[in-house]
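Survey of secondary and tertiary structure
Letter by letter, the chains look like this.
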Number of protein chains: 2
Amino acid sequence: MWYSNSLTKMLSIKYPIIQAGMAGSTTPELVATVSNKGGLGCIGAGYFTADKLEQEIQKVRSMTVQPFGVNLFVPSHNNYTEAQVEHMNAWLKPYRKALDLEEPVVNITEEQQFNNAIEMVIKHKVPVCCFTFGLPSQEIISKLKQANVTLVGTATSVEEAIENERVGMDMVVAQGSEAGGHRGSFLAKNQQTQPLIGTMSLVPQVVEHLSIPIIAAGGIMNGRGILASLVLGAQGVQMGTAFLTTEESGANEVVKQGILNSKETDTRVTDVFSGKLARGINNEFAESLAKYDGEIPPYPVQNQLTNTIRKTAAAKGNSKWTHMWSGQSPRLAKRQQVTQLFDNLVSEVDALLQTIH
Amino acid sequence: MWYSNSLTKMLSIKYPIIQAGMAGSTTPELVATVSNKGGLGCIGAGYFTADKLEQEIQKVRSMTVQPFGVNLFVPSHNNYTEAQVEHMNAWLKPYRKALDLEEPVVNITEEQQFNNAIEMVIKHKVPVCCFTFGLPSQEIISKLKQANVTLVGTATSVEEAIENERVGMDMVVAQGSEAGGHRGSFLAKNQQTQPLIGTMSLVPQVVEHLSIPIIAAGGIMNGRGILASLVLGAQGVQMGTAFLTTEESGANEVVKQGILNSKETDTRVTDVFSGKLARGINNEFAESLAKYDGEIPPYPVQNQLTNTIRKTAAAKGNSKWTHMWSGQSPRLAKRQQVTQLFDNLVSEVDALLQTIH
C-alpha cells in the first residue's frame, strides 16, 4: 500500500500525513484528531512556556493513545539594538494607539524556553519532536535519542537537508517555497539570500542526497499533492494550510476567512510580522511595513513588538493588521472538520492510484 | 498507459513530453530528435526573422515526419524612452569596451516579426504553435485554427490560465516558479507583482478551473517530475533545462557547464538581461545590474542593448557576462544525448509505476 513505508514504521502511524506545527494555531482537538485518524498530529509549541506545553501534552494524551509530536523553534540568537527597537516602536505607535495598546517590553527567553520544552518532551515521553529554524545541539539530540524520541528536522535547501542528516535527525521536512508560515531556513547568511525553492524542484534533489526519509512540504492540499510528493521520492507529507482552515484549528476566524477567500497570487513572503521570513496573505500591515525606513528587528524581537497588535486586531475581526499564514494554494482550502479532510485525503489518493497505470 | 490521454491524442504524439521553446537554444537536431522519440520538439523562434524560421522549419521537416511546434513571443508593446536607453548604454559602456563592441541601435520590429512568423507557421503547415508573454489577437487565433494548427498558451496564474482557455487556446502550459528562462506572465500590472507560484501549487489549482488540457512546467527534470505532474492533474509536461544541457542543444558550452555545475540555490529571477523577468544562474552581470541606478528598459529594448555583450562573452567562454537560463533543479541536469535523456524519462516513469500501488 502507498502508505506503508519506513517513515510510517518509524513513526508508528498508518498514513504518512503530518500536520504542520503551526505555532499558535494548533489545538489539542486538532492534534489528537489527526493522530486518531492515523496521521501525526503536532503541537505547535514554538511560542509556548513549559507550563502551557505540559498542559497541551496532557490534553492531547487524554484524547488519543496514538503517537503525536511537538514542534519547536530552535533558538536563533539574533543580535539587535535598542535603537532598532525604539525606531520600530515609533513606527508601530499609530497601530497601538488605534487599538489602545501599551508598548511591550522586549524579553528574550528563547534559549531557556527551548530547553524547558525539551525537558517536557522527555518527561512526558512525547514520541516525536520536530524542529524548525535550525538544529539543536548535540547534547540535546543525544538526550532526546536516549529517551527514544524520533527527531524531525526542517530544510529549505539540499545543503540544509544534508546538515540535518549529519547531526542525527531521523527524518527531514523539505520545505518548498509554496509553504505557508515561517521559512525554516538556517544556513543562509541573510534573509535576502534565503532559499525559495519550489517543492517540485526541492524534493527530488534532496532525495538524491539523503538516506533518511524525506517529508515534502509546500503547496500540498489534497490527494494529488500527497501522491505527487511520494512520486517525487518523499515518504510523507507535512500539511499546514489545509489543517489551518478546519473547524478544530485554533486560528482566528479572521485568518480562516482570509485564507478561504484568497487566490494563489495573494500571498507574500515577509519578515515584518515576526522578524523571520514567513508566507502569508498580503494585507495592509505587510504592505505598510514593506516601506519601513529601517531594519526590521530580528526574531523574536519583532514578533514581540507586533504580537499584541496582531492578536488584538484579529480578535476585533480586523484582517488588515494581523498575520494570515498561508501557502500558495489557498484556492484548495476548505472549511471542514479534520476527520472530513483526512478521510478525503486518503480516499483521493486511493482513487488516483486507480486511474494511474 | 500513463502516456495515452487527450493531450497526446490532440498533438498526435506518443509521450506527453514537450521540449520547451528555448529561444536561441534549440537546433533542428534537438527538435527533430524529441519528435522522433515520440515527444513534441519545439523550435524556439522568439528571436527569429521569418527567413531564419523558414530555414529551421525546413531543416526539422527534413529530419522528422513527426509533429513538432514553433514557440513564439507575443509582442508586448512596452513603452520606453530615449533617456532610458542612453542611461543604460552609459552603464553598459565598460562591458562593451572590454569586449570591443559597438553601441547597438534599438530597432523594435516585434509586431511585424510575429505576424511574419504566423504566416510561416501556416505556410509550412506546422502542426503546433506555442505562445508566451501573452495572447495573440482573435484574428490570428482564427487564422491558425482555420489552418488546423493546435494552439498552446502559457500561464503563471489561474487567472492567466482561464484567459488562455477563454480566447481559444487548445491547451495551456502552467509555468511554475521553478521554471528556467523567461516568465510567461502577462496579466500582472508590473514585474514586481508577477506571480511566482510553485508548480506543486499552480498545477492543481489551474486544473480545477479549466477544461482544456494542462501542461506542467517548472522543476521537472526526470521521471519523478513527469509522473508527479500527471498526478497533480496535468496531461503533459514541458521541460527546458533538462534539454538545454543535452549534446544537441544549441546553448553555448559556457551555459551548459554553468548549469551542470550549479546548485538549486544558485538561480535568481531577474529582468536585467532582456527587460523581462527570467530565471537563470546568478552571475556577475546579474549582480551588478541589480544595483543599476535607474529603470531597466523593457523587453525587447534591454534585450537588444545587452545582446552582443552576452553573445560575445559566451563565445569567449566568459560565464560572468552572459545569461544562463536554468530552472531550480540544475543538480538533476546531465550532459547526454537527447535520445538517452528521452529513453531515461520514459523508463523512469515506467519503473515508478511499478513501485507505486
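Worth saying up front: this structure is predicted, and the values here are computed from it rather than measured.

1. Remarks on the overall build of chain A
Each helix and strand in chain A was counted, giving 14 helices and 11 strands. The C-alpha atoms of chain A give a radius of gyration of 19 Å, which matches the 21 Å a tight globule of 357 residues would have. Seen through its principal axes, chain A has C-alpha atoms that stretch 60 × 45 × 40 Å. For chain A, the proportion of its 357 residues judged to be buried stands at 62%. Element-wise, carbon and sulfur atoms account for 47% of the exposed surface of chain A, whose accessible area totals about 13,700 Å².

2. Details of the sheet that holds strand 7 (residues 181-182) of chain A
Residue and element names in this part refer to chain A. The strand order across the open sheet built from 3 strands is 7-11-10, with neighbouring strands paired in antiparallel fashion. Two strands lie at the open edges of the sheet, namely strand 7 and strand 10 (267-270), each paired on one side alone. Here 2 bridges tie strand 7 to strand 11 (residues 278-281), and the two strands are oriented antiparallel to one another. Within the sheet, the bridge partner assigned to G181 lies in strand 11 and is R279.

3. Looking at the relation of the copies chain A and chain B
You can overlay chain A on chain B at an RMSD of 0.0 Å; the transform is a turn of 180° with a shift of 0.0 Å along its axis. One copy is carried onto the other by what is essentially a two-fold rotation axis. When C-alpha positions in chain A are compared against the rotation axis, the closest is assigned to A228(A), at 2.1 Å. With an isologous cut-off of 70% or more, the 100% of interface residues of chain A that recur at the interface of chain B puts this contact in the isologous class.

4. Some points on the sheet that holds strand 11 (residues 278-281) of chain B
All names here are of chain B. Pairing in this open sheet of 3 strands is antiparallel, and the strands run 7-11-10 from one edge to the other. Here the strands that pair on one side only, and so sit at the sheet edges, are strand 7 (181-182) and strand 10 (267-270). Taken together, the 4 bridges between strand 10 and strand 11 define a ladder with antiparallel strand orientation. When the sheet's bridge partners are listed, T270 is paired in strand 11 with A278.

5. Quick look at the packing of helix 9 (residues 223-231) of chain B against helix 14 (residues 338-355) of chain B
Residues and elements named next belong to chain B. The contact between helix 9 and helix 14 brings their axes to 8 Å, and the two run at 60°. Regarding the angle of helix 9 to helix 14, the classification is oblique. Our pair here, helix 9 against helix 14, has a crossing hand that is right-handed. Of the residues in helix 14, those touching helix 9 at G223, R224, I226 and L227 are L345, E348, V349, L352 and L353. A breakdown of the residues in the contact of helix 9 with helix 14 according to their chemical character gives 6 nonpolar, 1 polar and 2 charged.

6. Examining the interface of chain A and chain B
Counting residues at the interface gives 43 residues for chain A and 43 residues for chain B. Together, M200(A), Q205(A) and V231(A) form the three largest contributors to the area buried by chain A at its contact with chain B, with a combined 21%. At the boundary of chain A and chain B, one finds 16 residue pairs in polar contact (both at pLDDT 80 or more). Only helix 7 (158-167), helix 8 (199-207), helix 9 (223-231) and helix 14 (338-355) of chain A provide two or more residues apiece to the side of chain A that touches chain B. Counting residues per element, the side of chain A that touches chain B draws most heavily on helix 9 of chain A, at 7 residues. Residues of the side of chain A that touches chain B, tallied by class, amount to 20 nonpolar, 16 polar and 7 charged.

7. Section: the pairing of strand 4 (residues 128-132) of chain B
All names here are of chain B. Most of strand 4 sits out of view: 5 of its 5 residues are buried. Both faces of strand 4 are covered, namely the face carrying V128, C130 and T132 and the face carrying C129 and F131. Crossover strand 4 to strand 5 (residues 150-155) through helix 6 (residues 138-146) is right-handed.

8. Quick word on the packing of aromatic side chains
Residue and element names in this part refer to chain A. Within this structure, the stated rule accounts for 28 aromatic pairs over all chains. Geometrically, the ring pair formed by W91 and Y292 is edge-to-face, given 5.1 Å between the ring centres and 85° between the ring planes. Highlighted residues: W91 in helix 4 (residues 82-99) and Y292 in the loop between helix 12 (284-289) and helix 13 (301-315), separated in sequence by 201 residues. Here the aromatic cluster, defined as three or more aromatic residues joined through ring pairs, consists of Y95, F273, F285, W321 and W325.

9. Topic: helix 14 of chain A
Over its 18 residues, helix 14 of chain A extends 26 Å from the first C-alpha to the last, a length consistent with the 26 Å expected when each residue adds 1.5 Å. All buried positions along helix 14 of chain A are accounted for by V338(A), L341(A), F342(A), L345(A), V346(A), V349(A), L352(A) and L353(A). Around the axis of helix 14 of chain A, the buried residues are gathered within 130° of arc, so they sit on the same side. Turned more than 90 degrees off the buried face of helix 14 of chain A, the exposed positions are Q354(A) and T355(A). Next to the buried residues of helix 14 of chain A lie strand 1 (17-19), helix 2 (28-36), helix 9, strand 9 (236-239) and helix 10 (241-244) of chain A together with helix 9 of chain B.

10. Observations regarding the pattern of salt bridges
Residues and elements named next belong to chain A. One pass over the structure, following the stated rule, counts 22 salt bridges over all chains. With its nearest N and O atoms 2.7 Å apart, the salt bridge here joins E54 to K123. Of this pair, E54 sits in helix 3 (residues 50-63) while K123 sits in helix 5 (residues 110-123); the two residues are 69 residues apart in sequence, bridging distant segments of the chain.

11. Focus on the side chain of T246(B)
All names here are of chain B. Within the fold, T246 resides in the loop between helix 10 (241-244) and helix 11 (253-260). Under the relative-accessibility criterion, T246 is labelled buried at 0%. Here F243 takes part through its backbone oxygen, which lies 2.7 Å from a polar atom of the side chain of T246. When residues no more than four places from it in sequence are discounted, the contact partners of T246 are L30, K256, K334, Q336, V338 and L341.

12. Some remarks on the confidence of the model for chain A
Confidence along chain A averages 97 in pLDDT terms, with 100% of residues attaining 70 or more. Reported confidences for the modelled complex are a pTM of 0.98 and an ipTM of 0.97.

13. Focus on the packing of helix 2 (residues 28-36) of chain B against helix 3 (residues 50-63) of chain B
All names here are of chain B. Taken N-terminus to C-terminus, the directions of helix 2 and helix 3 make an angle of 40°; their axes are 9 Å apart at the nearest point. The pairing of helix 2 with helix 3 is recorded here as oblique in orientation. Seen along the crossing, helix 2 lies across helix 3 with a hand that is right-handed. Contacts between helix 2 and helix 3 involve P28, E29, V31, A32 and N36 from the first element and E56, K59, V60 and M63 from the second. In terms of residue class, the contact of helix 2 with helix 3 is built from 5 nonpolar, 1 polar and 3 charged.

14. Things to note about the pairing of strand 8 (residues 214-217) of chain B
Within a regular strand, the side chains alternate between the two sheet faces. Residue and element names in this part refer to chain B. Burial along strand 8 is two-sided: I214 and A216 facing one way and I215 and A217 facing the other are all buried. Bridge count between strand 8 and strand 9 (residues 236-239): 3 bridges; the pairing is parallel. The residue bridging A216 from the neighbouring strand is V237, located in strand 9. Between strand 8 and its parallel partner strand 9, the chain crosses via helix 9, and the hand of that crossover is right-handed.

15. Considering the environment of T306(B)
Residues and elements named next belong to chain B. When you line up the elements, T306 lands in helix 13 (residues 301-315). When its relative accessible area of 0% is taken as the criterion, T306 is described as buried. Distance in space between the C-alpha atoms of T306 and I215 is 32 Å, their sequence separation being 91 residues. Once residues within four sequence positions are removed from consideration, T306 is found in contact with L92, V272, F273 and F285.

Rules used in this analysis
Within each chain, residue numbers correspond to sequence positions counted from 1 in written order. The lettering of chains begins at A and the numbering of ligands begins at 1, in the order of writing. Predicted model: local features are reported for residues with pLDDT of at least 70 only, side-chain atom pairs are reported and counted for 80 or more only, and whole-chain, interface and lining totals are derived from all residues. No hydrogens and no water enter the side-chain calculation; it runs on all heavy atoms of the structure. Elements are defined by DSSP. Helices are runs of H or I of four residues or more, strands are runs of E of two residues or more, and each kind is numbered from the N terminus. The globule rule used here is 2.2 Å times the number of residues to the 0.38 power, and the radius of gyration it is set against is calculated over C-alpha atoms. We call a residue buried when its accessible area falls under 20% of the maximum for its residue type, exposed when it is over 50%, and partly exposed in between, using a 1.4 Å probe and counting protein chains only. Here the accessible surface of atoms and residues is derived via Shrake-Rupley with a 1.4 Å probe, and residues count as covered only by protein chains that are part of the display. Paired strands, in this sense, are two strands between which DSSP finds at least two bridges. When the copies are overlaid, the least-squares fit takes in C-alpha atoms only where the residue has pLDDT of at least 70 in both copies. By definition, residues are in contact when any of their heavy atoms lie within 4.5 Å. Angles shown run from 0 to 180 degrees and are taken between the N-to-C directions of axes, each axis being a line fitted to C-alpha atoms and, for helices, limited to the stretch in contact. By the definition adopted for this analysis, an angle is roughly parallel if under 35 degrees, roughly antiparallel if over 145, roughly perpendicular if from 65 to 115, and oblique otherwise. A clockwise turn of the near helix away from the far one marks a right-handed crossing, whereas an anticlockwise turn of less than a right angle marks a left-handed crossing. Under the scheme applied here, ten amino acids are nonpolar (Ala, Val, Leu, Ile, Met, Phe, Trp, Tyr, Cys and Pro), four are charged (Asp, Glu, Lys and Arg), and all others, including Gly, are polar. By convention, the term buried area covers the 1.4 Å-probe accessible surface removed from two parts as they join, with the contributions of both added. Distance and chemistry together define a polar contact, namely a pair of N or O atoms within 3.5 Å, with one atom able to donate a hydrogen and the other to accept it when in protein, and with adjacent residues in sequence counting only for side-chain atoms on both sides. Call a crossover right-handed when, viewed with both strands pointing away from you, the route from the first strand across the helix to the second goes clockwise. For Phe, Tyr and Trp, rings pair up if their centres lie within 6.5 Å, where Trp contributes its six-membered ring, and each pair is then called stacked (planes under 30 degrees apart), edge-to-face (over 60) or tilted (otherwise). Residue count minus one, scaled by 1.5 Å, sets the expected span of a helix. The directions considered for the arc are those from the helix axis to the C-beta atoms. We count a salt bridge whenever a side-chain nitrogen from Lys or Arg sits within 4 Å of a carboxyl oxygen from Asp or Glu. Every residue carries a pLDDT, the predictor's confidence in it, which falls somewhere between 0 and 100.

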